[in-house]
Amino acid sequence: MARSYVHEARRRVAPKRERIRPIIERLAAEHPDATIALRFVSPLELLVSVMLSAQTMDVNVNRVTERLFVKYRRPEDYLAVPQEELERDIFATGFFRQKAKSLRGTMRMLIDDFGGEVPRTMEELLRLPGVARKTANVVAAELGQPQGIVVDTHVRRLSQRLGLTRQEDPVKIERDLMRLVPRPDWGRFPHLLIWHGRRVCDARRPACERCVLNDLCPSSRVEASVPVDVL
Ligand code: SF4
């Protein structure tokens, strides 16, 4: 069970509705390069990359897909080889048996139900075998049609530390964030939190002293130099 960071949000700051806009603006200025780390050039490559990224690092996926996408260009290509061959080709991403099975099931459905194209709506994406809410959210957002907010471990930790949610469950955290974050920012918001989480707000040792949000964050370990707003 992942550690809860809800209790860290104790310092008094302005209500979250007043803080969300400056939080997004400052993070966008701080991390202008905050985009998805997976490499892909088509919706199909995006979908495969995100499916392979479960339980492993993006850099690992990129190493595998560099060769994979030369060999497998269309949904049919994933079905044209024995499952064992596909398993070998994605072995380094871990959980290769389950991932190969999901990939083949997904390719089958893309061909049978979607004309070989990657669908755009959450409802359709969630029908694909092995595609859960997080994967569907990432794919929809990267295709320019975010319909929710991706919640991974960084998004969860930072949302809790920043006092944007008191929830533990990713679905409930997402619901809180969807009520709070302006819709045009649904796509970039998770990237901003993910990159800030990697570079500054580390799980064990958050670098509050050099954090651009330290006057907006109820979990900051930096003493406020001016009185902060009271809730
Ligand atoms: S690093 Fe920033 S966001 Fe994280 S706890 Fe410290 S002040 Fe808050």
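Residues numbered from 1 in each chain as written. Predicted model: local features only at pLDDT ≥ 70, side-chain atom pairs only at ≥ 80, totals over all residues. Heavy atoms only, no water.

**Student:** So what exactly am I meant to see when it comes to the overall build of the protein chain here?
**Tutor:** Helix and strand counts for the protein chain stand at 11 helices and 0 strands. Counting from the amino terminus, helix and strand elements in the protein chain follow one another as α-α-α-α-α-α-α-α-α-α-α. In terms of its C-alpha atoms, the protein chain occupies a principal-axis envelope of roughly 65 × 30 × 30 Å. Expressed as a percentage of the 231 residues in the protein chain, the buried residues total 49%. For the protein chain, the proportion of contacts with a sequence separation of at least 24, taken over those separated by at least 6, is 63%. If you sum the accessible surface of the protein chain, you get close to 12,300 Å²; carbon and sulfur atoms cover 51% of it. Positive and negative side-chain charges in the protein chain, numbering 40 and 31 respectively, have mean positions lying 5 Å apart. (Helix = DSSP H or I, 4+ residues; strand = E, 2+ residues; numbered from the N terminus. Buried < 20%, exposed > 50% of the residue type's maximum accessible area, 1.4 Å probe, protein only. Contact = heavy atoms within 4.5 Å. Areas by Shrake-Rupley, 256 points an atom, 1.4 Å probe, with all protein chains shown as cover. Lys, Arg positive; Asp, Glu negative; His and termini not counted. Charge placed at Lys NZ, Arg CZ, Asp CG, Glu CD.)

**Student:** In this structure, what is going on with the pattern of salt bridges? I would like to understand it.
**Tutor:** Pairing between side chains of opposite charge can happen when their charged atoms approach one another. All told, the structure shown has 16 salt bridges when counted by the stated rule. A salt bridge links Asp33 to Arg199; the shortest N-O distance between them is 2.7 Å. In this pair, Asp33 is assigned in the loop between α1 (16-30) and α2 (43-52) and Arg199 in helix α11 (residues 188-199), connecting sequence segments 166 residues apart. With a relative accessible area of 42%, Asp33 lands in the partly exposed category. Residue class for Arg199 comes out partly exposed when judged on its relative accessible area of 33%. A salt bridge links Glu168 to Arg156; its shortest N-O distance comes to 3.0 Å. Placement of Glu168 in the loop between α9 (153-161) and α10 (170-180) and of Arg156 in helix α9 is noted, with a sequence separation of 12 residues between them. Accessibility expressed as a relative area gives 28% for Glu168, which makes it partly exposed. Through salt bridges with shared partners, a single network forms among Arg3, Glu8 and Arg161. (Salt bridge = Lys/Arg side-chain N within 4 Å of Asp/Glu carboxyl O.)

**Student:** Would you mind going over the packing of α2 against helix α3 (residues 58-71) with me for this structure?
**Tutor:** The description of two helices packed together rests on the angle between their axes and the distance between the axes. Taken N-terminus to C-terminus, the directions of α2 and α3 make an angle of 140 degrees; their axes are 10 Å apart at the nearest point. Judged by the inter-axis angle, α2 sits oblique to α3. The two elements α2 and α3 meet at a crossing, and its hand is right-handed. Facing α2, whose interface residues are Glu45, Val48, Ser49 and Leu52, α3 presents Val61, Thr65, Leu68 and Phe69. Its residues assigned to classes, the contact of α2 with α3 shows 5 nonpolar, 2 polar and 1 charged. (Axes fitted to C-alpha atoms, helices over the stretch in contact; angles between N-to-C directions. Parallel < 35°, antiparallel > 145°, perpendicular 65-115°, else oblique. Left-handed = near helix turned anticlockwise from the far one by under 90°. Nonpolar A, V, L, I, M, F, W, Y, C, P; charged D, E, K, R; others polar.)

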